[in-house]
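What the coordinates show
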Amino acid sequence: QVQLVESGGGLVQAGGSLSLSCEASGSVFGIKHMGWYRQASGLERELVATIADGGTTNYADSVKGRFTLSRDNHRSTITLEMNSLRPEDTGVYYCKAIYSDGTGRNYQYWGQGTQVTVSS
C-alpha cells in the first residue's frame, strides 16, 4: 500500500512560479514510477511529467523547458517546479505512483489532487 500526500499549488499570475510536492508513505521501496498529471475543467486528465525509478524524466511537450520534476534520494518525495506559468496550465494536479509488488504485478495510486490556477 502506498499513500500520497500532495502540497503546494494555489493562485498565481501568468509568468509566475509555483512548486508542487508529493510525499509517498507506506511501501515506498516498491515505487517504480511517480509523476504529475493534471485535469482542466471539462477535459481529460493528462500527463505533465514523470520520473522513473532510475531517475529518467519525461515531460509533456507543453511544459518542456518550463517545468522541472525532481525526486529526493529516498525516492519518497517528488517536487514539480513550475515556471513561466500560463493560464492553460490551470487545473487540478494529481500525483501518481506505480508500485510493484515484486511478483510482476503493478498497482497505481493517486493523490487527492491540488488546484493550480493561473490568472491572465
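Residues numbered from 1 in each chain as written. Predicted model: local features only at pLDDT ≥ 70, side-chain atom pairs only at ≥ 80, totals over all residues. Heavy atoms only, no water.

Attention now moves to the sheet that holds strand β8 (residues 77–82). Spatial ordering of the open sheet is given by β1-β3-β8-β7, a layout of four strands whose pairing is antiparallel. A single partner strand is all that each edge strand has here, and the edge strands are β1 (2–8) and β7 (67–71). Taking the axes of each pair of neighbouring strands and ignoring which way they run, one obtains an average angle of 15° across the sheet. In this structure, β7 lies alongside β8, joined through five bridges in antiparallel fashion. Residue pairing in the sheet places Thr68 in a bridge with Glu81 of β8. (Pairing = 2+ DSSP bridges. Helix = DSSP H or I, 4+ residues; strand = E, 2+ residues; numbered from the N terminus. Axes fitted to C-alpha atoms, helices over the stretch in contact; angles between N-to-C directions.)

The subject of this paragraph is the environment of Trp36. Structurally, the position occupied by Trp36 is in strand β4 (residues 31–39). Placed ten residues apart in sequence, Trp36 and Glu46 show a C-alpha to C-alpha distance of 8.8 Å.

As for its placement among the helices and strands, Ser76 is situated in the loop between β7 and β8. On the basis of relative accessible area, Ser76 is assigned to the buried category, the value being 14%. Look past the residues within four positions of Ser76 in its chain and what remains in contact with it is Cys22, Glu23, Ala24 and Val28. (Buried < 20%, exposed > 50% of the residue type's maximum accessible area, 1.4 Å probe, protein only. Contact = heavy atoms within 4.5 Å.)

The next subject is the packing of aromatic side chains. Evaluated as defined, the whole model comprises three aromatic pairs. Seen from their ring centres, Tyr94 and Trp110 are 6.4 Å apart, and the 85° between their planes marks the pair as edge-to-face. Pair noted here: Tyr94 is in strand β9 (residues 91–100) and Trp110 is in strand β10 (residues 106–110), with a separation of 16 residues, a long-range link. For Tyr94, a relative accessible area of 15% translates into the label buried. Between Tyr99 and Tyr107 the ring centres are 6.4 Å apart and the planes differ by 40°, which places this aromatic pair in the tilted class. On the basis of relative accessibility, which here comes to 15%, the residue Tyr99 falls in the buried class. A relative accessible area of 33% means that Tyr107 is categorised as partly exposed. Chaining the aromatic ring pairs together yields one cluster made of Tyr37, Tyr94 and Trp110. (Phe/Tyr/Trp six-rings, centres within 6.5 Å; stacked < 30°, edge-to-face > 60°.)

Taken as a whole and judged by the stated rule, the model has one disulfide. Between the sulfur of Cys22 and that of Cys95 lies a disulfide, 2.0 Å long from S to S. Taking the sign of the S-S torsion, -80° for the link of Cys22 and Cys95, the bridge is left-handed. Of this pair, Cys22 sits in strand β3 (residues 18–26) while Cys95 sits in strand β9, and the two are 73 residues apart along the sequence. Of the two residues, Cys22 and Cys95, neither departs from the other in class, the shared state being buried. (Disulfide = S-S within 2.5 Å.)

Our focus in this paragraph is the side chain of Thr79. With respect to the element layout, Thr79 can be found in strand β8. A relative accessible area of 17% means that Thr79 is categorised as buried. There is a polar contact of 3.4 Å between the side chain of Thr79 and the side chain of Ser21. With sequence-adjacent residues up to four places away left out, Thr79 is seen in contact with Ser19, Leu20, Ser21, Thr68, Leu69 and Ser70. (Polar contact = N/O pair within 3.5 Å; in protein donor to acceptor, adjacent residues only side chain to side chain.)

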